[in-house]
Every structure is written in C-alpha cells, then in structure tokens.
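This is what each chain is made of:
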Amino acid sequence: MRKRKVKSAPVSLLVDLALVFIGLAGGVAVGSGLVAFLTVLDIVPRLTVLTDSRRQVRLYEIAFVMGAVVFTWVDFREWAVFFPPISTVGIGLLSGVFIGLLAAALTEVVNVLPILAKRIGMEPKVFWLLLAMMLGKVVGSLFQWIVFVSD
C-alpha cells in the first residue's frame, strides 16, 4: 500500500480556494456561452412565435433556468436511470434528431463568437479570446488525462 501524505492546513486551504475559483470560472464560461448561444439563435422568441404563446415568455425563461438547475443537481447526485434495451431505439432517434437540428442551427449562425465579442466590448481582441479558449481547452484536457486518467 502507498502511504498518503497529509497536507498542511494552509496548503489545503489554498488548494480548496483554487478549486472553488476554477469551478466558478468554468461555470461562468459555460453559462455565458450557453446564454450567448440561446440569444444568438433566438430560441425563446422563435418558440413563442411557433407556438403562438407570446404572453408566456416568462414561463419559457423559468423553464430554461429550472432545467439547468435541476439537471445540474441530478448530475451532482450521480443518479442513474435504467431503461429496457429496446428503449435505446427511441432515445437514439431523439438524440439524432436533436444533434441534426443543433448542427443545422449552428451552420445558420456560425458567427456566435464575433457577436459575443462585440457585445462584451472585446471586438479588437477576438484573436486573444480565441487563443485563450483554445489554450484553456488544451491545458484542461492535458490536466484531466495526466491527473485523473493516469491513476
């Protein structure tokens, strides 16, 4: 058996604070990306026009927020749902439809990042924004593989 090293209290506190910061930064990045994505695609206005429910816009917004909160909580609880094997046909079909529609929507609005950069005032620094996102993905992937997968 391997002996475990005990961390000192100040080092442990710094590690915990770093993890909190990284978690919050990741959440803000993903959340703002999702909001920008939904805004650029005009999901809520299109839904209200298609369903003739313009007066229920607030309900759509609540549904988006509650869906994110509930499924984040479900993910943290690590719940598992078991379906019979035949249900994979329906789930696969719905997943394929979702991916196809999402791909079609993305090809329609490939300019999400320049619009986001323009709205937050980073238009002259779009190159650095892209570089930071790319390096973040590379460093995060390497960190995951080196720290978690190598065990």
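Residues numbered from 1 in each chain as written. Predicted model: local features only at pLDDT ≥ 70, side-chain atom pairs only at ≥ 80, totals over all residues. Heavy atoms only, no water.

Peer 1: How should I be thinking about the overall build of the protein in this particular structure?
Peer 2: Counting its regular elements, the protein contains six helices and zero strands. Counted from the first residue to the last, the protein has its helices and strands arranged as α-α-α-α-α-α. Taking all contacts inside the protein whose residues are at least 6 apart in sequence as the whole, residues at least 24 apart take part in 34%. When the accessible surface of the protein is totalled, it reaches about 13,300 Å², and 73% of it is carbon and sulfur. (Helix = DSSP H or I, 4+ residues; strand = E, 2+ residues; numbered from the N terminus. Contact = heavy atoms within 4.5 Å. Areas by Shrake-Rupley, 256 points an atom, 1.4 Å probe, with all protein chains shown as cover.)

Peer 1: How should the packing of aromatic side chains be read in this particular structure?
Peer 2: For any pair of aromatic rings, geometry is given as the distance between the ring centres together with the angle between the planes. Going through the model one piece at a time under the given rule, you end up with two aromatic pairs. Relative to W79, the ring of W73 lies with its centre 5.1 Å away and its plane at 80 degrees, an arrangement referred to as edge-to-face. In this structure W73 comes out as partly exposed when scored by relative accessible area, which is 46%. When the ring of F127 is compared with that of W128, the centres are 5.1 Å apart and the planes differ by 75 degrees; the resulting orientation is edge-to-face. On the basis of relative accessibility, which here comes to 54%, the residue F127 falls in the exposed class. By relative accessible area, W128 is classed as exposed at 55%. (Phe/Tyr/Trp six-rings, centres within 6.5 Å; stacked < 30°, edge-to-face > 60°. Buried < 20%, exposed > 50% of the residue type's maximum accessible area, 1.4 Å probe, protein only.)

Peer 1: Just to check I follow, could you spell out the pattern of salt bridges for this structure?
Peer 2: For side chains bearing opposite charge, pairing can occur when the charged atoms are close. With the rule as written, the count across this model stands at two salt bridges. A salt bridge links D52 to R54; the shortest N-O distance between them is 3.6 Å. As far as burial versus exposure is concerned, D52 and R54 are alike and both exposed. Here E61 and R58 are joined by a salt bridge, their closest N and O atoms 3.1 Å apart. With E61 and R58 both in helix 3 (residues 57-77), this residue pair falls three residues apart, about one helical turn. Given a relative accessible area of 35%, E61 falls into the partly exposed group. (Salt bridge = Lys/Arg side-chain N within 4 Å of Asp/Glu carboxyl O.)

Peer 1: When you look at helix 3 in this model, what are you seeing that I'm missing?
Peer 2: An α-helical turn contains 3.6 residues, so any two residues separated by three or four positions project in the same direction. Here helix 3 spans 30 Å end to end across 21 residues, near enough to the 30 Å set by a 1.5 Å rise per residue. E78 sits one or two positions beyond helix 3 and adopts a positive phi of about 55 degrees. (Expected span 1.5 Å × (residues − 1).)

Peer 1: Looking at this model, I keep getting lost on the packing of helix 2 (residues 43-51) against helix 3. Mind explaining?
Peer 2: A packed helix pair is summarised by two numbers, namely the angle formed by the two axes and the spacing between the axes. Closest axis-to-axis distance for the helix 2/helix 3 pair is 10 Å, and the angle between their directions is 130 degrees. In terms of axis orientation, helix 2 runs oblique to helix 3. Along this stretch, helix 2 crosses helix 3, giving a crossing that reads as right-handed. Taken together, the residues of helix 3 that come into contact with helix 2 (itself represented by I43, V44, L47, T48 and T51) are V57, Y60 and F64. Considering only residue class, the contact of helix 2 with helix 3 consists of six nonpolar, two polar and no charged. (Axes fitted to C-alpha atoms, helices over the stretch in contact; angles between N-to-C directions. Parallel < 35°, antiparallel > 145°, perpendicular 65-115°, else oblique. Left-handed = near helix turned anticlockwise from the far one by under 90°. Nonpolar A, V, L, I, M, F, W, Y, C, P; charged D, E, K, R; others polar.)

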